[in-house]
Amino acid sequence: MNKDKIWLSSPHMGGNEQKFVNEAFKQNWVAPLGPNVNGFEEDIKKYLFTNSSGEGAVAALSSGTAALHLALIMLGVKAGDEVVCQSMTFAASANPIAYLGASPVFIDSEEKTLNLCPKALRVAIEDRISKGKKPKAIIAVHLYGMPYQVDEVHKVARKYEIPVVEDAAEALGSTYKGEKCGTFAEYAILSFNGNKIITTSGGGALVTRSQIAKDKAVFLATQARDAAPHYQHSEIGYNYRLSNISAGIGRGQMEVIDDRVEARRQMHDFYVNLFSEIEGVKVFSAPNDDYFCNHWLSVVSLDKNRTGGISREKLRLHLEKLNIESRPLWKPMHMQPVFKNAPFYGEGVAGQLFENGLCLPSGSNLTQEEKARIKTGVLSCFRK
Ligand SMILES: *Cc1c(COP(=O)(O)O)cnc(C)c1O
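Residues numbered from 1 in each chain as written. Predicted model: local features only at pLDDT ≥ 70, side-chain atom pairs only at ≥ 80, totals over all residues. Heavy atoms only, no water.

Draft legend 1. Inspection of the overall build of the protein chain at higher detail. Per the secondary structure count, the protein chain includes 12 helices and 15 strands. The C-alpha radius of gyration of the protein chain comes to 21 Å, within 12% of the 21 Å expected for a compact globule of 384 residues. In the protein chain, of all internal contacts separated by at least 6 residues, the share reaching a separation of at least 24 is 73%. Of the roughly 16600 Å² that the protein chain leaves accessible, carbon and sulfur atoms contribute 50%. Positive and negative side-chain charges in the protein chain, numbering 45 and 42 respectively, have mean positions lying 3 Å apart. (Helix = DSSP H or I, 4+ residues; strand = E, 2+ residues; numbered from the N terminus. Rg over C-alpha atoms; globule rule 2.2 N^0.38 Å. Contact = heavy atoms within 4.5 Å. Areas by Shrake-Rupley, 256 points an atom, 1.4 Å probe, with all protein chains shown as cover. Lys, Arg positive; Asp, Glu negative; His and termini not counted. Charge placed at Lys NZ, Arg CZ, Asp CG, Glu CD.)

The following block contains the structure:
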């Protein structure tokens, strides 16, 4: 128990982060704008928009949550509106709906990608329309880095002409049919929180399809100041820009993004290998070659009828005693006390996944020794 804790996902610096931060100090760009903010935005844009994914622009913001809030504002979501949202996700996907006084409508997951079920989505939209309210937006999440069923979900969205907001907070580096997650919708969001695949200590980005949309987002993120020498405002603004110091960390992190994705994918392979010897545990993997997952977190699901009674909670507590962090999947939003009155459409897939699923240590900086500890720890839970 005196061994160092093995974390689920911890920051992993590349080496040049401090160089960019020091430059900011030298030039006195200690502010929520400056060369690092511009450079970081350019790095992300170059990384995301390749091949046929077309034009795009990136606004660096103080968090992924702020980015989602601005996306909904720019789509015109207002008090009393309804917004459709994947139920199985982190609360940050849904909270901005409530910030605007709008109401979430939650949708079940499908088992292939754990994400938005296109069938339940269609049923929900038709039902909401029949009740007199067409949803204003659809929030779709690439959970744990696994792309959602992009073609199927966007087909439903197009049919009813409802814009999709892509929550790619966990999916930087993932691709679907060769295109990067974060480039499929009018607006997408990224997060650079401490536990994400790259970090700026805290931060996020809004990915838009045009410079005009980006400029509008930056305007809103900097208190919506009109063009005047004095401070004049015709709209409500926000203080959501990313600090030039944090952006410096981001620039260093973008130099090593490909290595980070590779290392996380190797952790997934490590678990595939480890659990191949154990009955009743499924390591969650890409359904086919259309999906390239960054495996931000590696996810397993336990069938306790086949594991000899070992549930996800038994495994979690066993690892905890060995000072190894693991965590149940995100508890679905329709099961959260704060959203108990929100409508839910689906068959209980998300609830089942929550019941049986566990996220295992997935950091890109886990050492051979730590992997050996994880392996021994897992095996000792199943072989008693
Ligand atoms: C982390 C995360 C967010 C929010 O990002 P922050 O930068 O922490 O505000 C939103 N959605 C999902 C799915 C996330 O994992």
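There's more to say after this.
Draft legend 2. Geometry of the pattern of salt bridges. Overall, the coordinates contain 13 salt bridges when judged by the stated rule. Note that glutamate 277 is salt-bridged to arginine 383, the shortest N-O span being 3.3 Å. In this pair, glutamate 277 is assigned in the loop between helix H9 (257-275) and strand S10 (281-283) and arginine 383 in the segment after helix H12 (368-382), connecting sequence segments 106 residues apart. Assessed through its relative accessible area of 45%, glutamate 277 is described here as partly exposed. Here glutamate 325 makes a salt bridge to arginine 327, at a shortest N to O gap of 3.6 Å. (Salt bridge = Lys/Arg side-chain N within 4 Å of Asp/Glu carboxyl O. Buried < 20%, exposed > 50% of the residue type's maximum accessible area, 1.4 Å probe, protein only.)

Draft legend 3. Layout of the sheet that holds strand S14 (residues 344-345). Strand order in this open sheet of eight strands is S1-S9-S8-S5-S4-S2-S3-S14, and the pairing throughout is mixed. Of all the strands in the sheet, the pair left with one neighbour each is strand S1 (57-61) and S14. When strand S8 (residues 187-191) meets strand S9 (residues 204-208), the two strands line up antiparallel, connected through five bridges. When the bridges of S9 are listed, serine 191 appears paired with glycine 204. Along the sheet, helix H2 (residues 35-48) contacts S1, S8 and S9; its crossing angle with S1, the most-contacted strand, is approximately 135 degrees. Those strands touched by helix H3 (residues 64-74) are S1, strand S2 (82-86), strand S4 (137-141), strand S5 (164-167), S8 and S9, and its axis lies near 170 degrees from that of S8. (Pairing = 2+ DSSP bridges. Axes fitted to C-alpha atoms, helices over the stretch in contact; angles between N-to-C directions.)

Draft legend 4. Representation of the site of the ligand. Taken together, 15 residues form the shell around the ligand, and within it Thr65, Asp167, Glu170, Ser191 and Lys196 come nearest. Threonine 65 is positioned such that a nitrogen or oxygen atom in its side chain is 2.4 Å from an oxygen atom of the ligand. Separating an oxygen atom of the ligand from a side-chain N or O atom of serine 191 is a distance of 2.7 Å. For the ligand, whose accessible area on its own is 380 Å², the fraction buried by protein is 94%. Tallied by class, the residues present in the shell around the ligand amount to four nonpolar, eight polar and three charged. (Near = heavy atom within 4 Å. Polar contact = N/O pair within 3.5 Å; in protein donor to acceptor, adjacent residues only side chain to side chain. Nonpolar A, V, L, I, M, F, W, Y, C, P; charged D, E, K, R; others polar.)

Draft legend 5. Examining the state of the cysteines more closely. Under the definition given, this model contains zero disulfides. You can see cysteine 293 has no disulfide; the closest cysteine sulfur is in cysteine 181, sitting 8.5 Å from it. A relative accessible area of 2% means that cysteine 293 is categorised as buried. Looking at cysteine 359, it has no disulfide partner, and the nearest cysteine sulfur is the one in cysteine 293, 11 Å off. (Disulfide = S-S within 2.5 Å.)

Draft legend 6. Inspection of unusual backbone geometry at higher detail. You will see that leucine 114, though not glycine, has its phi angle at about 70 degrees, which is positive. Along the chain, leucine 114 turns up in the loop between strand S3 (103-107) and helix H5 (118-130). Given the relative accessible area of 2%, leucine 114 is considered buried. The phi dihedral of histidine 295 falls on the positive side, at around 45 degrees, and the residue is not glycine. Residue position: histidine 295 is located in the loop between strand S11 (291-292) and strand S12 (298-302).

Draft legend 7. Highlighting the packing of aromatic side chains. Within the structure shown, the criterion is met by 11 aromatic pairs. Both rings, one in phenylalanine 270 and one in tyrosine 271, keep their centres 5.1 Å apart while their planes meet at 70 degrees; by these two values the pair is edge-to-face. Across this residue pair, the class does not change: phenylalanine 270 and tyrosine 271 are buried. Through successive ring pairs, a cluster of aromatic residues spans Phe90, Tyr144, Trp296 and Trp330. In this arrangement the basic side chain of lysine 180 is found over the ring face of tyrosine 47, its NZ or CZ atom lying 4.1 Å from the centre. Across the ring face of tyrosine 231, the terminal group of arginine 225 is positioned such that the distance to the ring centre comes to 3.7 Å. (Phe/Tyr/Trp six-rings, centres within 6.5 Å; stacked < 30°, edge-to-face > 60°. Lys NZ or Arg CZ within 6 Å of the ring centre and 35° of its normal.)

Geometry only, nothing functional implied.
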